[in-house]
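# Secondary and tertiary structure notes
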Amino acid sequence: MIRIGIPTALLYYQYYPMWKTFFEELGAEVVVSPPTTQDMLVAGSSRVVADTCLPVKIFLGHVLSLVGKCDYIFIPAVRSVKSRVYNCSKFLGLPDMTRAVIPESSPILDIDIDVNKGKRNLHQAIYQLGRHFTWNPFKVRQASLAAWQAHLNYHELMSSNNLTPPQAIERISGTTESEANSSYISSTQATIAVIGHPYLLYDEHINHRFISRLKQAHNNVLTPEMLSAEELQSATARLVGRAYWTYEEEVVGAGDHYIQNGADGVIGIMTFGCGPDSLMMDMVRRQAGRLKTTPFMSLTLEEHTSEAGIITRLEAFLDMIHRRKRRQVTACV
Ligand code: SF4
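Residues numbered from 1 in each chain as written. Predicted model: local features only at pLDDT ≥ 70, side-chain atom pairs only at ≥ 80, totals over all residues. Heavy atoms only, no water.

## Considerations on the pattern of salt bridges
Our working rule: Any carboxyl oxygen of Asp or Glu within 4 Å of a side-chain nitrogen of Lys or Arg constitutes a salt bridge here. Per the convention used, a helix needs a DSSP run of H or I reaching at least four residues, while a strand needs a run of E reaching at least two, with both numbered from the N terminus.
According to the stated counting rule, one finds 13 salt bridges in the structure shown. Between E24 and K20 there is a salt bridge, with its nearest N and O atoms 3.1 Å apart. One end of the pair, E24, and the other, K20, are both in helix α1 (residues 12-25), 4 residues apart, so they sit about a helical turn from each other. Taking the shortest distance from any N to any O, the salt bridge between R99 and D96 comes out at 3.1 Å. Here D96 and R99 lie together in helix α5 (residues 94-101), a separation of 3 residues that amounts to about one turn. One connected set of salt bridges, linked through shared partners, spans D96, R99 and D110.

## Observations regarding the pairing of strand β1 (residues 3-6)
Short version of the rule: Pairing between strands requires that DSSP locate at least two bridges from one strand to the other.
Bridge count for β1 against strand β2 (residues 29-32) is 4 bridges, and the pairing is parallel. Bridged to I6 within β2 is V32. Pairing analysis gives 2 bridges linking β1 to strand β3 (residues 72-74), with the strands arranged parallel. Bridge pairing links I4 to Y72 in β3.

## Some words on the sheet that holds strand β5 (residues 108-109)
Judged by pairing direction, the sheet is parallel, and its 4 strands sit side by side in the order β2-β1-β3-β5 without closing on themselves. What marks the edges here is a single partner per strand, and that holds for β2 and β5. Sheet topology places β3 next to β5; 2 bridges connect them, and they run parallel. By the bridge assignment, I73 is partnered in β5 with I108.

## A few points about the packing of aromatic side chains
Operational definition: Pairing of aromatic rings covers Phe, Tyr and Trp, the last through its six-membered ring, and needs centres within 6.5 Å; plane angles under 30 degrees mean stacked, over 60 mean edge-to-face, and all others mean tilted. A 1.4 Å probe rolled over the protein chains alone gives each residue an accessible area, and that area as a share of the maximum for its type sets the label: buried under 20%, exposed over 50%, partly exposed in between.
In the structure shown here, the tally under the stated rule is 10 aromatic pairs. Plain terms: the ring middles of Y12 and Y13 are 5.0 Å apart, the flat faces sit at 90° to each other, and that makes the pair edge-to-face. Judged by its relative accessible area of 9%, Y12 falls in the buried class. Among the residues examined, Y13 registers a relative accessible area of 7% and is labelled buried. Ring centres 4.9 Å apart and planes at 75° place the aromatic pair F23 and F74 in the edge-to-face group. Placement of the pair is F23 in helix α1 and F74 in strand β3, with a sequence separation of 51 residues. When sorted by exposure, F23 lands in the same class as F74, which is buried. Here the aromatic cluster, defined as three or more aromatic residues joined through ring pairs, consists of Y15, W19, F22, F23, F74 and F133.

All we've got here are geometric facts, nothing functional implied.
Following this line, the structure appears as structure tokens:
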């Protein structure tokens, strides 16, 4: 059986159930890289220039951890998933960059996803990918339909049950972590929305267990995946009109939505050296400043971000939120 390696980084959190379904429907076995470690970060960083963004360095570390453990490593070049909305340049060149800097990598299976080139082009790209497993176009079509349905189910599961991607993936694979988290809700101190790209929010090594810390402090945590596509799109349209970046909604749309609905505070997580996020997070910060309804804090992560620094800023922000809530309660009495 052909083994396909999938790095647990970058777009993994958006698309893993879809990719897994596609390959398994075609008879392959899927293996994923283990959670990020400092050694993986150091190994990935050693292959690229220093000012490469942190998530890409981590991605390369995950690819290195898969070398020798699979027949192929799947690395798509996701250029555009919406008409005239394009992805960050790092995603566009990801398969080529990986080949160049990790020549010892297992062969890379790639696919160009660009909906601007039309449906026919997309179908051909999917068929080219499927040909590594079968020459039967009908089988590839069946696998792609099953994969798309898995993708829709995954996002529906997250938005209708308030689950994060790791919780939804655990639930799909039959573990019970997401139910365990519900115990935090009983003594909720505050509702905190955390916005940003999934590869920053759910990689506990990069963010020093940020979401777990919020939950352990008895806060209810909201994330972009808990909103429906319609909610994200309408909030993005309200704040910036037309989106220019793929995945802008998980920053701008979620930020604007939570600033205006349902959160006591909003925290934006971005990484040093990210051009798109520096613009998007600033729009959310300005919106919070204009409306003055919900406190907003942004955190910028990099290789040298210390755990103590994260904890200090988090505790200061939560103190301020809790004081604010107590004042509001007192004013109502
Ligand atoms: S959006 Fe920013 S953090 Fe993400 S890959 Fe591009 S530069 Fe890196």
